[in-house]
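Architecture and fold: a report
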Amino acid sequence: MPRENLVLASGSSTRATMLKAAGLEFDVLVPRVDEDALKEALTAEGAPPRDIADALAEMKAARVAPRRPEALTLGCDQTLSCDGRLFSKPATPQEARAQLHDLMGQTHRLHSAAVIYQGEEPVWRHVSEARLTMGRLSDEWIDGYLARSWERVRHSVGAYQIEAEGIRLFTRIDGDHFTILGLPLLPLLSFLSLRGSIPS
């Protein structure tokens, strides 16, 4: 039985790196989607962050899948919420600084969703959660951190990357490392293995 091709419907270099490190072969097709419009609509309807992450991941997979109907198309997304507020990627260093101040001393939740489509139908989905508690750091340290790291963290909601200096922001982390990076990798590998899409 021939192996099924995998398509990553995401421009995220972090997700691509995780898949490559796990030994997966895949193509990348970046979907053109209005994430902000869908997020705003779902938030206005009172959808919880978990469902918003799932819907965004599905939208990406559904947009790309018709272009490769023979393949398994993987869409992914992540949301960050704290005290009922949904955070977005910071547009400026000033916005990043404000986000970090709002998250300091608080425990926030990351929901990482993955949805696989084959043709026009979803065949698998998973949403995982991690909880991260941020400590308190001085304004001077935060300013220096953003000056050093802005180009790396500007694409990260919450303005941090735990695999780099951003780990110093935290006092406690509960959850899977891959969930925090934006992809529930272990459940994905389990599905692909059980399906026979990857050797096991």
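Please read all numbers here as calculations on a predicted model, not as lab measurements. (Residues numbered from 1 in each chain as written. Predicted model: local features only at pLDDT ≥ 70, side-chain atom pairs only at ≥ 80, totals over all residues. Heavy atoms only, no water.)

What to know about the pairing of strand β6 (residues 121-134)
With 12 bridges joining them, strand β5 (residues 107-118) and β6 adopt antiparallel strand pairing. The residue of β6 that forms the bridge with A113 is V127. Joining the antiparallel neighbours β5 and β6 is a turn of two residues, in which G119 adopts a positive phi near 65 degrees. In this structure, β6 lies alongside strand β7 (residues 170-174), joined through four bridges in antiparallel fashion. When the sheet's bridge partners are listed, R131 is paired in β7 with D174. (Pairing = 2+ DSSP bridges. Helix = DSSP H or I, 4+ residues; strand = E, 2+ residues; numbered from the N terminus.)

Describing the side chain of S10
Note that S10 resides in the loop between β1 (6-8) and α1 (13-21). Separated by 3.0 Å, the side chain of S10 and the backbone nitrogen of S12 make a polar contact. (Polar contact = N/O pair within 3.5 Å; in protein donor to acceptor, adjacent residues only side chain to side chain.)

As for the nonpolar core
Of all hydrophobic cores here, the largest spans 44 residues; its most connected members are L19, L74, Y160, L169, L183, L188 and L192. Ranked by residues supplied to this core, first place goes to helix α5 (residues 139-153) with six residues. Setting aside residues no more than four positions away along its own chain, L188 makes contact with L19, L74, I116, W124 and L183. (Core = buried A, V, L, I, M, F, W, Y, C linked by side-chain atoms within 4.5 Å. Buried < 20%, exposed > 50% of the residue type's maximum accessible area, 1.4 Å probe, protein only. Contact = heavy atoms within 4.5 Å.)

Looking at the pattern of salt bridges
Enumeration according to the criterion identifies 17 salt bridges in this entry. Taking the shortest distance from any N to any O, the salt bridge between R50 and D51 comes out at 3.9 Å. Look at R50 and you get partly exposed, because its relative accessible area is 41%. Residue classification places D51 among the partly exposed positions, given a relative accessible area of 38%. E129 is paired through a salt bridge with R131; the nearest N and O atoms lie 2.9 Å apart. If you follow the salt bridges from partner to partner, you end up with D27, R68 and E70 in one network. (Salt bridge = Lys/Arg side-chain N within 4 Å of Asp/Glu carboxyl O.)

Examining helix α7 (residues 185-195)
For α7, the complete set of buried residues consists of L185, L188, F191 and L192. Buried residues in α7, looked at end-on, bunch into an arc of 130 degrees, giving them a common side. Taken together, the buried residues of α7 touch β1, α1, β3 (72-82), β5, β6 and α6 (177-181). Directly beyond the C-terminal end of α7, a positive phi value near 85 degrees is found at G196. (Arc of directions from axis to C-beta.)

Things to note about the UniProt feature "active site" (unreviewed entry) in the protein
As annotated by UniProt and renumbered to match this structure, "active site" (unreviewed entry) occupies D77. On the secondary structure map, D77 appears in strand β3. Excluding residues that lie within four positions of it along the chain, D77 makes contacts with R15, E35, A53, L56, A57, K60, H111, S112 and A113. (UniProt positions renumbered as here; feature names shortened; annotations may be inferred.)

Some words on the environment of G84
Its place among the elements puts G84 in the loop between β3 and β4 (85-87). C-alpha of G84 to C-alpha of G175: the two residues are 91 residues apart in sequence and 20 Å apart in space.

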